[in-house]
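These are the residues of each chain, in order.
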Amino acid sequence: MAAPRIPLIVDVDTGIDDSLALLYLLASPEAELIGITCTAGNVNARQVAINNLAWLELCNAPEVEVALGAEVPIITALMTTEETHGPQGIGYAELPAPTRRLSARHAIEVWIDNARRRPSEITGLITGPLTNLALAVKLEPELPRLLKRIVVMGGAFNHPGNTTPTTEWNIAVDPDAAKIVFDAFSELPDDRRPVICALDVTERIELHPHHVAELARVAGSTPDEVLHPDDEPGTRSTASNRVIRHLSDAVRFYMEFHRRYDQGYLAHLHDPFAAAVALDPGLATLRPATVDVELAGTLTRGQTVADWRGMWGRRPNADIVVDTDPDEFFRRTIERVGALARSLN
Ligand code: BDR
Ligand code: CA
């Protein structure tokens with residue numbers, strides 16, 4: 001008998017690493033992708049939607065509802081980061097324009113309607129700012145109890161931020177939304193607490209050129225896929241396999257970005273890691289804490305603060321990922337995404 005599938009709603013700001021998270025899910029037979037909701041973040045929300053539709057089409061994915069969500073944060077003015085993810089959010093990749101259409105529904109409706117129809121079944125994975133989920137919770141306060149669990153890529157605890165000295169990007173874009181979500185998802189049973197994949201661990205998920213080469217080999221792509229630090233910036237892939245070609249073009253941009261900020265010729269796969277954890281929390285070591293978001297700090301707005309020791313006297317409202325095995329994550333990614341790409345050769 002086939003293993004039960006995991007129904008998922010995925011909220012994204014696609015994004016290079018969001019792209020790879022989508023591919024990971026499409027490549028995972030246990031994932032039942034029931035909705036992709038788009039939020040503004042890395043790039044504007046309409047571009048996010050186009051990117052999602054384009055990846056789905058490129059991968060011949062089964063039909064899945066893709067819905068546009070919030071185009072701006074709840075209070076803060078929108079910031080986007082084309083510097084990190086490229087002019088369209090997918091690095092140097094130029095995906096064919098999708099023929100698939102956006103849903104007529106708003107992202108908030110997709111969250112609420114699915115959660116009501118399948119109470120306690122759906123896992124929510126959020127790899128962008130938490131704007132859509134915060135708005136959905138305002139409309140349907142039962143949402144935290146209607147969902148099985150959420151997995152969030154966001155925050156930085158005992159670790160510097162990547163947007164300000166204290167603050168991680170997804171929370172920095174919409175700190176008010178993050179606060180609404182962490183508050184609303186308090187008081188849940190222990191096994192339903194949100195799982196938080198913060199920079200403390202996601203910056204250990206380093207994609208190196210040899211990983212891309214292995215992925216291409218598993219996909220049966222030719223010639224060898226070589227991303228070399230000495231390559232002219234913007235060198236384009238000639239891979240025979242179309243998924244590998246576009247992925248490599250996307251990832252090269254991300255590696256060049258990381259190198260510009262002295263992190264080496266590599267890329268942090270924040271969002272794909274969160275996707276892997278959403279399918280298998282066993283990949284992560286979790287530690288409960290009470291999490292809150294600084295909204296008033298003049299230097300620290302958007303900082304995520306974890307009370308590990310119960311000093312606030314409030315029950316833990318999150319399970320923070322404190323450790324993982326990055327090699328195991330890459331083994332799964334290469335095997336799965338490689339097989340998906342090979343099937344599309
Ligand atoms: C997060 O910020 C975005 O740029 C990435 O897609 C990821 O979700 C990492 O801080
Ligand atoms: Ca993201």
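First things first, this report covers the structure right here in the doc. (Residues numbered from 1 in each chain as written. Chains lettered and ligands numbered in written order. Predicted model: local features only at pLDDT ≥ 70, side-chain atom pairs only at ≥ 80, totals over all residues. Heavy atoms only, no water.)

### A few points about the site of ligand 1
Working step 1: Around ligand 1, the structure places 13 residues, and the nearest of them are Asp-17, Asn-42, Asn-162, Glu-168 and Asp-271.
Working step 2: One of the side-chain N or O atoms of Asp-17 is found 2.5 Å from an oxygen atom in ligand 1.
Working step 3: Contact distances for ligand 1 include 2.8 Å between an oxygen atom and a side-chain N or O atom of Asn-162.
Working step 4: Only helix H1 (16–26), helix H7 (169–173) and helix H12 (270–279) provide two or more residues apiece to the shell around ligand 1.
Working step 5: Of the residues in the shell around ligand 1, the class split is 3 nonpolar, 6 polar and 4 charged. (Near = heavy atom within 4 Å. Polar contact = N/O pair within 3.5 Å; in protein donor to acceptor, adjacent residues only side chain to side chain. Helix = DSSP H or I, 4+ residues; strand = E, 2+ residues; numbered from the N terminus. Nonpolar A, V, L, I, M, F, W, Y, C, P; charged D, E, K, R; others polar.)

### Here's the deal with the coordination of the calcium ion (ligand 2)
Working step 1: Distances from the calcium ion (ligand 2) to its protein donors, Asp-13 (OD), Asp-18 (OD), Asp-18 (OD), Thr-127 (O) and Asp-271 (OD), fall within 2.2 to 2.6 Å.
Working step 2: The exposure class assigned to Asp-271 is buried, which follows from its relative accessible area of 2%. (Donors = N, O, S within 2.8 Å, 3.2 Å for Na, K, Ca; no water. Buried < 20%, exposed > 50% of the residue type's maximum accessible area, 1.4 Å probe, protein only.)

### Focus on the sheet that holds strand S6 (residues 195–197)
Working step 1: Ordered in space as S3-S2-S1-S4-S5-S6-S11-S9-S10, the 9 strands form an open sheet in which the pairing is mixed. With partners counted over all chains shown, the strands left at the sheet margins are strand S3 (65–68) and strand S10 (304–307), one partner each. Sheet twist, expressed as the mean angle between neighbouring strand axes with direction ignored, is 30 degrees.
Working step 2: Two elements, strand S9 (residues 284–293) and strand S11 (residues 318–324), share 6 bridges in a ladder whose sense is antiparallel. Bridge assignment links Thr-285 to a residue of S11, and that residue is Asp-323.
Working step 3: Its contacts with the sheet place helix H2 (residues 45–58) against strand S1 (6–12), strand S2 (31–38) and S3, and it is angled at close to 170 degrees to S3.
Working step 4: The strands touched by H12 within the sheet are S1, S2, strand S4 (123–126), strand S5 (149–153), S6, S9 and S11, with S5 carrying the most contacts at an inclination of about 165 degrees. (Pairing = 2+ DSSP bridges. Axes fitted to C-alpha atoms, helices over the stretch in contact; angles between N-to-C directions. Contact = heavy atoms within 4.5 Å.)

By themselves, these figures tell us nothing about what the structure is for.
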